[in-house]
Amino acid sequence: MNQELINTFNTIISNATPLVIAALGETITERAGVINLSLDGSLALSAMGGFVAALTAQRAGLPLPLALAIGVFVAMLIGALVALLIAFGSITLKQDQVAIGFVLTLLCADLAQFLGQAYTRQPGPIFPNISLPILSEIPTVGRIFFFHDFLVYVSYALIFGIWYWLFRTRGGLTHRALGERPEAAFARGFAVNRSRYFWVVLGGAIVGLAGAAYSLNVKSGWATPPSMRGDGWIALAIVIFGGWHPFRVVLGAYLFSSLQAVSSALQRSNTQIPLVLLNGIPWVMMLITLLIVSSGALERLLMILPKSLQNRARAILRSDPPKALGTPFEKD
Amino acid sequence: MTKPMQSVLFALLPIAVSLLITALLIIIVGNNPLEVVHLVLSGAFGSSTSLGGVVNFWMPLAFCVVGLVVTFRAGLWNIGIEGQLMAGAIGASYVGLFVRDLPTPLWILLAIIAGAGAGMVVSLIISVLKTRLGINEIFGGVAMNALVNVYSIYLISGPWQPPEGGSAQATQPFPREVWLTPFSQDFPVSLPYLGLLFGMIALVSVLLNNTRWGLQLKATGKNPRSALLLGVPIERSTLTAFLLCGALAGMGGAHRVLETYHSLRPLISGGIGFLALLVVLLAGARLLWAVGIAFVSAAILTGSTRLKIALQLDASLANVLQGLVVLCILLFNGIRERFFDEPRAD
């Protein structure tokens, strides 16, 4: 493969990383039956907080790895706190999850803008690239997947870790039951609401990590309006597209990032399409992806296929939400 | 604790808490909260001109709020309101820029109708995506907001540029004849538009409370499954609620360009649609409350525009305060229901 193509793929992976991490965080949250709708805001707030913390630590003379660690920690803490509010409001107080999530979306974005006003467009610490020994030696694949910074490797670990947890362990079975049939988990003696709290907060912390992956890595620094504005919604849509399955979710995120790479390549080459209109492409893509997996459109689409392929295609494309998603659990 | 005391406490506590947090934030960035309060109040109510500014900000907000009360009644999350408002501005701008030689009242009326129509187109797309194609209105709405915004920037920077070239920041100003006439120099508010707003409030109030359609909407919102079983045409309720809301938001958008800017600009909605969603969340879909709360919001936001110049404070502070108020009220309501009310019989 030629060098330019390899570099393009490398960039796609690294650009997709925050989206991958955010969507994975949301996946474990929704698998527990709670929607964290605040992603677009909490990504911005944690990105801002993580950046400011890392920058302050660096200016205080701390070595780069320590400053970055502090930034990541603060970002995850912010994500976890926002998620804690959602958990408290929706699990303990049984308020509308969508309402609380939406208010937090706006509030966090505004807070990020207000508190980050003194830090816009400043250079700050970023994660350096580390090529993994041995793995990065593999021709082509090594250059694409193992020539990145620390957070990208963390995202790989999360993909396989979350998949293994959800589908290969007993604990993961209970975790999924929280979102599918909480009564069943309850009947087996699990504290449904307490476990939901745990997964919502952990999922939020992972979303916070995604925020750090923007401001300390991909789109480094902080700006108003933030460069990742809108990505939170895209991540939410990718979770649906991915059918709440870590592998498919990640595939969705990489696919999305690839299409964005194509559209920015279009921007560079002199085409007839007005440049501003290209900014609409992610949103059209989001609608199309949701359309593909939504039941009504899917069935209509399948009618075109020959009968023998219909069932197989349905099994691959179908995306059913956890059955108890968004509903409070009353019994304990 | 007695019941009435509890009610008063739970009404005041969330507001007090959110004010406290906001004050803390102001102190964190190194300013004096009292000075900020003074600036906001004088910015909003300092003179009749500034009061006019508040009313002019309030009007599009109120149009959106009235529309959202309709969609909330039907149980719909119309996050696409921002896009419907922008579409309204685009529609009215088209009439302002490209229609010529009409008598002023007719011209303005046509601009308002075009705005309402454009708003309806956007809400129609969102509702068809929901009812026919199974895409949740939240996602449809978020996508349409972004797409309408992109489209407006495209129009401004491309096809709607005058041939001799113009600015990417705004279209050419509309001809004077299509600007709304202010009541007076000191109180620059268009009274007919205010009349239109009150007319719409009355219309929606009657539609919601005194018609079969309003009842069907309520049934759809409360429990779509049983509504369907009772023979309520859910799809039609959803569609009509969206269309009405889109038309109202479009009228708000038309006001934005006909009164405030006299040209089309990027991000013409200025977050008004989102603010309206917060207001309606606060008011719990009670129409007159919602319109009243919208006025307070408009005052705070208009007043806070001076913060940037006077104190170099980001104007997002006002949005932070409003978000905090809504969040606190939601949470304190929950706390009250959970820990203080007697358990319900269900």
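Residues numbered from 1 in each chain as written. Chains lettered and ligands numbered in written order. Predicted model: local features only at pLDDT ≥ 70, side-chain atom pairs only at ≥ 80, totals over all residues.

Focus on the overall build of chain B
Logical step 1: Check the secondary structure of chain B and you find 13 helices and zero strands.
Logical step 2: N-terminal to C-terminal, the α/β element order of chain B is α-α-α-α-α-α-α-α-α-α-α-α-α.
Logical step 3: Once the C-alpha set of chain B is aligned to its principal axes, its extents read approximately 70 × 60 × 35 Å.
Logical step 4: Here chain B holds 346 residues, and 50% of them are scored as buried. (Helix = DSSP H or I, 4+ residues; strand = E, 2+ residues; numbered from the N terminus. Buried ≥ 20, exposed ≤ 12 C-beta atoms within 10 Å, placed from the backbone.)

A short note on the overall build of chain A
Logical step 1: When helices and strands are tallied, chain A shows 15 helices and two strands.
Logical step 2: In terms of overall dimensions, chain A is globule-like: its C-alpha atoms have a radius of gyration of 20 Å, near the 20 Å expected for 332 residues.
Logical step 3: If one aligns the C-alpha atoms of chain A with their principal axes, the spans along those axes are about 55 × 50 × 45 Å.
Logical step 4: The 332 residues of chain A split such that 47% are buried.
Logical step 5: Of the contacts made within chain A by residues no fewer than 6 positions apart, 79% connect residues no fewer than 24 positions apart. (Rg over C-alpha atoms; globule rule 2.2 N^0.38 Å. Contact = placed C-beta atoms within 7 Å.)

Points about the interface of chain B and chain A
Logical step 1: Taken together, the contacts link 33 residues of chain B with 34 residues of chain A.
Logical step 2: Contributions of two or more residues to the side of chain B that touches chain A are made by α6 (137–157), α11 (272–283) and α13 (316–340) of chain B.
Logical step 3: Ranked by residues supplied to the side of chain B that touches chain A, first place goes to α13 of chain B with 13 residues.
Logical step 4: Here the residues of the side of chain B that touches chain A are counted per class, giving 23 nonpolar, seven polar and three charged. (Nonpolar A, V, L, I, M, F, W, Y, C, P; charged D, E, K, R; others polar.)

Describing the confidence of the model for chain B
Residues and elements named next belong to chain B.
Logical step 1: Overall, the predicted model of chain B reaches an average pLDDT of 88, with 98% of residues at or above 70.
Logical step 2: Confidence, expressed as mean pLDDT per element, reaches its minimum in chain B at helix α9 (residues 224–229) with 79 and its maximum at helix α4 (residues 81–98) with 95.
Logical step 3: The complex prediction reports pTM at 0.91, with the ipTM value standing at 0.90. (pLDDT = per-residue confidence, 0-100.)

Section: the environment of S215 of chain A
Residue and element names in this part refer to chain A.
Logical step 1: Examined against the element boundaries, S215 turns out to sit in helix α9 (residues 192–218).
Logical step 2: By the C-beta count within 10 Å, which is 35 here, S215 ends up buried.
Logical step 3: Along the chain, S215 and L317 lie 102 residues apart, while their C-alpha atoms are 34 Å from each other.
Logical step 4: When residues no more than four places from it in sequence are discounted, the contact partners of S215 are A47, M48, G50, F51, S220, G221 and W222.

Some words on the packing of helix α8 (residues 212–222) of chain B against helix α10 (residues 234–261) of chain B
Residue and element names in this part refer to chain B.
Logical step 1: Put simply, α8 and α10 touch, their axes get as near as 9 Å, and they point 105 degrees apart. In terms of axis orientation, α8 runs roughly perpendicular to α10. Contact with α8, carried on its side by Q216, L217 and T220, involves I234, S237, T238 and A241 of α10 and no other residues of that element.
Logical step 2: Here the residues of the contact of α8 with α10 are counted per class, giving three nonpolar, four polar and no charged. (Axes fitted to C-alpha atoms, helices over the stretch in contact; angles between N-to-C directions. Parallel < 35°, antiparallel > 145°, perpendicular 65-115°, else oblique.)

Here we look at the environment of F198 of chain B
Logical step 1: Here F198 of chain B is to be found in helix α7 (residues 191–210).
Logical step 2: Separated by 19 residues in the primary sequence, F198 of chain B and W179 of chain B place their C-alpha atoms 20 Å from one another.

Section: the nonpolar core
Logical step 1: Of all hydrophobic cores here, the largest spans 213 residues; its most connected members are V65 and A276 of chain B.
Logical step 2: In contact with A276 of chain B, other than residues within four places in its own chain, are L61, C64, V65, L68, I81 and A294 of chain B. (Core = buried A, V, L, I, M, F, W, Y, C linked by C-beta atoms within 7 Å.)

Concerning unusual backbone geometry
Logical step 1: Even without glycine at this site, W244 of chain A takes up a positive phi of about 60 degrees.
Logical step 2: Counting through the fold element by element, W244 of chain A comes out in the loop between α10 (231–241) and α11 (246–268).
Logical step 3: Non-glycine residue L267 of chain B carries a positive phi angle of around 50 degrees.
Logical step 4: Mapped onto the fold, L267 of chain B is located in the loop between α10 and α11.

Considering the packing of helix α3 (residues 48–73) of chain B against α7 of chain B
Residue and element names in this part refer to chain B.
Logical step 1: Axis separation between α3 and α7 bottoms out at 10 Å; the angle between their running directions is 10 degrees. By the angle between their directions, the pair α3 and α7 is classed as roughly parallel. Across the interface between the two elements, M59, A62, F63, V66, V69, V70 and R73 from α3 touch Y193, L194, L197, M200, I201, V204 and L208 from α7.
Logical step 2: Its residues assigned to classes, the contact of α3 with α7 shows 13 nonpolar, no polar and one charged.

Observations concerning α11 of chain B
Each full turn of the α-helix corresponds to 3.6 residues, which orients residues three or four apart in the same direction.
Logical step 1: When the terminal C-alpha atoms of α11 of chain B are compared, their 16 Å separation across 12 residues agrees well with the 16 Å that a helix rising 1.5 Å per residue should span.
Logical step 2: By the criterion of burial, α11 of chain B is predominantly enclosed, with 12 of the 12 residues buried.
Logical step 3: Looking at α11 of chain B, one finds that the buried residues are I272, G273, F274, L275, A276, L277, L278, V279, V280, L281, L282 and A283 of chain B.
Logical step 4: Packing partners of the buried residues in α11 of chain B comprise α4 (97–115) of chain A together with α3, α4, α10, α12 (287–311) and α13 of chain B.
Logical step 5: Phi for G284 of chain B, located one or two positions after α11 of chain B, is positive at around 60 degrees. (Expected span 1.5 Å × (residues − 1).)

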